[in-house]
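The lines below spell out each chain.
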Amino acid sequence: MPSTVHPTVLTLLLTLLTLLSLASAWKMDVNYSDGTQLHKHGHHNSHCKRFNKTDAAITSVVFEGSLLADTFVLYNDGHCRDESYKGKKGNNNVPNHVYRSYKVY
């Protein structure tokens, strides 16, 4: 015998899924010495990502973590091996430097 899901239960499940997806999204605004600001975002650990912009120093990072990712790391090299700065939620004034890659976890 086929069963049906009550519309209230379905609405509740969809609402919970939406809230979970929003809570698992992280955002990172990267500010450069030349006035440029780049926006990065994701839903889980980023693994190693290279910065496309490497012609100016990064001066600060505004990071909004998530349930699944609450830390970011800036690296001197493009392969996430030479760690330089580790940050958390909020406005992080980082040492002015040209960073080549980052991870979020």
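Given the structure is predicted, the values throughout are model-derived calculations rather than measurements.

Novice: I'd like a rundown of the sheet that holds strand β1 (residues 26-32), residues and numbers included.
Specialist: In space, the four strands of this open sheet follow the order β2-β1-β4-β7, with antiparallel pairing throughout. Strands at the two margins of the open sheet, each flanked by one partner only, are β2 (37-42) and β7 (90-97). Direction aside, neighbouring strands of the sheet carry axes that sit 20° apart on average.

Novice: An account of the nonpolar core is requested, with residue identities and associated values reported.
Specialist: Nonpolar side chains tend toward joint burial in soluble globular proteins. Counting residues in hydrophobic clusters, the biggest one holds 17 residues, and the most contacted among them are M28, F51, I58, F72, L74 and V104. Counting residues per element, the ones that place at least two in this core are β1, β4 (58-64), β5 (72-75) and β8 (101-104). Of the residues forming this core, the biggest block, four residues, is contributed by β1. The contact partners of I58, leaving out residues within four places of it in the chain, are V30, N31, Y32, F51, V94, P95, N96, H97 and Y99.

Novice: Lay out the environment of A56 with the relevant residues and their values.
Specialist: Position of A56 relative to the elements: it lies in the loop between β3 (49-50) and β4. Note: C-alpha distance between A56 and Y32 (24 residues apart in sequence) is 6.1 Å. Ignoring anything within four residues of it in the chain, the contact list for A56 reads Y32, S33, D34 and V98.

Scoring rules and cut-offs
- Here the residue index of a chain counts from 1 through its sequence in written order.
- The predicted nature of this model means local features are confined to residues of pLDDT at least 70 and side-chain atom pairs, given and counted, to a pLDDT of 80 or more, with totals for whole chains, interfaces and linings taken over all residues.
- Just so you know, side-chain values use all the structure's heavy atoms and leave hydrogens and water out.
- Whether two strands pair comes down to DSSP finding at least two bridges between them.
- What counts as a helix is a DSSP run of H or I of at least four residues, what counts as a strand is a run of E of at least two, and both are numbered from the N terminus.
- Under this scheme, a helix contributes an axis fitted over its contacting stretch, all axes are lines through C-alpha atoms, and angles between N-to-C directions fall in the 0 to 180 degree range.
- The nonpolar core is taken to be a set of buried Ala, Val, Leu, Ile, Met, Phe, Trp, Tyr and Cys residues, with the residues joined through side-chain atoms within 4.5 Å.
- Throughout this description, buried means an accessible area under 20% of the type-specific maximum (1.4 Å probe, protein chains only), exposed means over 50%, and partly exposed covers the range between.
- By the convention used here, residues are in contact when the closest approach between their heavy atoms is within 4.5 Å.

Keep in mind that these numbers describe shape and distance, not what the molecule does.
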